[in-house]
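This is what each chain is made of:
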Amino acid sequence: MQFRFSNFEFSLVQILVWLIFWLVSEWLANLLTLILLPMLLAILALAMISEWIEKSNVPRRYFYLMAISVAAPVVAFVVYFVIHTLFSSGKIEYFAK
């Protein structure tokens, strides 16, 4: 039996993992976001450019999952920032140093 996440479930899992990173260590989450986000964006851009130049058999779902992977850290940061400003001093400790 093969189990596949839907795009919605995949995005929820990724956002949850990124939120856990932000809750455990702001510094680590910030570092991972600043490193992985440009890499994932570059991979997505190169894949889209190569797909535009020459059509391949890559499923369309790959591009959706890559776009979700690019958006998930940003969404998780926004959610964390909103929650943090509502229930805390309003400053993220890592950024205040």
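Data block above holds the structure.
These numbers come from a predicted model, not from an experiment.

About the thresholds
Residues numbered from 1 in each chain as written. Predicted model: local features only at pLDDT ≥ 70, side-chain atom pairs only at ≥ 80, totals over all residues. Heavy atoms only, no water. Phe/Tyr/Trp six-rings, centres within 6.5 Å; stacked < 30°, edge-to-face > 60°. Helix = DSSP H or I, 4+ residues; strand = E, 2+ residues; numbered from the N terminus. Buried < 20%, exposed > 50% of the residue type's maximum accessible area, 1.4 Å probe, protein only. Expected span 1.5 Å × (residues − 1). Core = buried A, V, L, I, M, F, W, Y, C linked by side-chain atoms within 4.5 Å. Contact = heavy atoms within 4.5 Å. Salt bridge = Lys/Arg side-chain N within 4 Å of Asp/Glu carboxyl O. Patch = residues over 30% accessible without salt bridge, like charges linked within 9 Å, V, L, I, M, F, W, Y side chains within 5 Å. Areas by Shrake-Rupley, 256 points an atom, 1.4 Å probe, with all protein chains shown as cover.

Novice: Could you clarify how one ought to interpret the packing of aromatic side chains in this entry?
Specialist: For any pair of aromatic rings, geometry is given as the distance between the ring centres together with the angle between the planes. Scanning the entire structure with this criterion turns up five aromatic pairs. Ring geometry for W22 versus F77: centroids 5.1 Å apart, planes at 50 degrees, classification tilted. Taken together, the positions of W22 in helix α1 (residues 7–24) and F77 in helix α3 (residues 60–87) put the pair 55 residues apart, joining distant regions of the chain. Take W22: its relative accessible area is 2%, and that puts it in the buried class. Under the relative-accessibility criterion, F77 is labelled partly exposed at 26%. Here the aromatic rings of Y62 and F63 are separated by 5.4 Å at their centres, their planes lie at 75 degrees, and the arrangement is edge-to-face.

Novice: I keep staring at helix α2 (residues 26–53) and nothing clicks. Help me out?
Specialist: For α2, spanning 28 residues, the distance from its first C-alpha to its last is 40 Å, which sits close to the expected 40 Å at 1.5 Å a residue. Looking only at α2, the buried set comprises E26, A29, N30, T33, L40, L44, A47 and E51.

Novice: Help me out: how do you make sense of the nonpolar core in this one?
Specialist: For soluble globular proteins, nonpolar side chains are generally found buried alongside one another. Ranked by size, the top nonpolar core spans eight residues in total: I15, W18, L19, W22, A29, A72, A76 and Y80. Elements with a minimum of two residues in this core: α1 and α3. It is α1 that provides the largest number of residues to this core, a total of four residues. Contact partners of L19, with chain neighbours within four places excluded, come to A76, V79 and Y80.

Novice: I tried to follow the pattern of salt bridges on my own but got confused; where do I start?
Specialist: A side chain with one charge may pair with a side chain of the opposite charge, provided their charged atoms come close. In total, this model carries one salt bridge according to the counting rule given. Linking E51 and K55 is a salt bridge whose minimum nitrogen-to-oxygen distance equals 3.2 Å. Judged by relative accessible area, E51 falls into the buried class, the value being 14%.

Novice: Help me understand a nonpolar patch on the surface, please; the structure alone is not making it clear to me.
Specialist: Residues V74, V75, V78, V79, V82, I83, L86 and F87 make up a contiguous nonpolar surface patch of roughly 720 Å² in combined accessible area. With respect to the helices and strands, V78 occurs in helix α3.

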